[in-house]
Amino acid sequence: MFRLVKKLFVVALIVPASGCSSPASHTDIEAKYRNAQSQTVQVTGMKIHYRDEGSGEPILLLHGTGSSLHTWDQWASSLAPHYRVIRVDLPGSGLTEPHPAAAYEVADDVQFVHAFLEQLGVDKVHIAGNSLGGRIAWQFAVDHPEQTQTLTLLNALGYPQDSWPPAIQFAQYPVFDTLMASYLPRFAFATSLRDIYHDKDLISDELVDRYYEISTLDGKREAFTQRVKARLDEDSALIPQVQVPALILWGEEDKYFPVENAHRFHEDIAGSRLVVYQDVAHLPMEEVPRLSATDFEGFLREHPL
């Protein structure tokens, strides 16, 4: 506890001094992180950024806390020739607006996903999620089994956490949440990313820039501090209610979502399949994109719409 308090004081001293204004205009940042596949739709009062690529059976990909749909870039490239790949920036993340009522409980996100798919005219979907995205995905499968063809979890949130990544931990404390909503230097993102990648060579300047620059958009940092205060690691007793075909993909080196949780998901979800990747941490779709996408696609072929 002393070490955590010490770290908090260091952050309190460093962050205000290191914080800086947006490195570019918001218009320039949004343009930088859109592409030809980027689309915008209004859902539950928010302007939503998403990408819809390829054709065939629909797949929905959900990212984790503080991330964006860009985390699925390599999966989308692999899967779009054979499937309709839909990925979305969750409320308050990426290029999607913050929720107007700051509603970031899992139930709110499930309601959002349901409304988003309805807006796109998708009746049934293969849903996959990483981290928080996995938490939303399995809850969606429990609440809307009629709409869920398969469920795939990648280092998903689901069981009570012993610890959180420092950025999430800090944002849960009074005063520090206010500091983080106002000031967050680029180096803080570089430090956080080193915690979630096993292969540090993947942490390029471009990657750090993306996380940092997107965070400077209106309301993004405040939305992050609000989102991490939601009840994210509760309701694990509901996991056995998942009744759809399920695939669990897990990086063995994850510091905060231990591989033991992968085995717990495997035990709790009847008939599920488990694949564990060595020398991979929190983001299998980025650290072993080809291998994990191949495993995912093989699973989908066994459970077509």
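Residues numbered from 1 in each chain as written. Predicted model: local features only at pLDDT ≥ 70, side-chain atom pairs only at ≥ 80, totals over all residues. Heavy atoms only, no water.

1. Re the overall build of the protein chain
- Check the secondary structure of the protein chain and you find 13 helices and eight strands.
- The burial tally for the protein chain puts 55% of its 305 residues in the buried class.
- Of the contacts formed within the protein chain by residues at least 6 apart in sequence, a portion of 75% connects residues at least 24 apart. (Helix = DSSP H or I, 4+ residues; strand = E, 2+ residues; numbered from the N terminus. Buried < 20%, exposed > 50% of the residue type's maximum accessible area, 1.4 Å probe, protein only. Contact = heavy atoms within 4.5 Å.)

2. Notes on the packing of aromatic side chains
- For the structure shown, the criterion picks out seven aromatic pairs.
- Geometrically, the ring pair formed by Tyr 50 and Phe 116 is edge-to-face, given 5.3 Å between the ring centres and 80° between the ring planes. Note that Tyr 50 is positioned in strand β2 (residues 46-53) and Phe 116 in helix α4 (residues 106-120), a separation of 66 residues in sequence.
- Among the aromatic residues, those joined into a ring-pair cluster are Tyr 50, Phe 112 and Phe 116. (Phe/Tyr/Trp six-rings, centres within 6.5 Å; stacked < 30°, edge-to-face > 60°.)

3. What about helix α8 (residues 186-196)?
- Along α8, the positions that sit buried rather than exposed are Ala 188, Phe 189, Leu 193, Asp 195 and Ile 196. On an axial view of α8, the arc spanned by its buried residues comes to 150°, and they lie on one face. (Arc of directions from axis to C-beta.)

4. Things to note about the nonpolar core
- Counting residues in each nonpolar core, the largest one holds 47 residues, and the members touching the most others are Leu 60, Leu 62, Phe 112, Phe 116, Leu 151 and Phe 265.
- A per-element tally of this core places α4 first, with eight residues.
- Among all residues touching Leu 60, those that are not within four sequence positions of it are Ile 86, Val 88, Val 113, Phe 116, Leu 117, Val 125, His 126, Ile 127 and Ala 128.
- One finds Val 85, Phe 189, Ile 196 and Ile 203 within the second-largest nonpolar core, a separate group that totals 33 residues. (Core = buried A, V, L, I, M, F, W, Y, C linked by side-chain atoms within 4.5 Å.)

What is shown is where atoms sit, not what they do.
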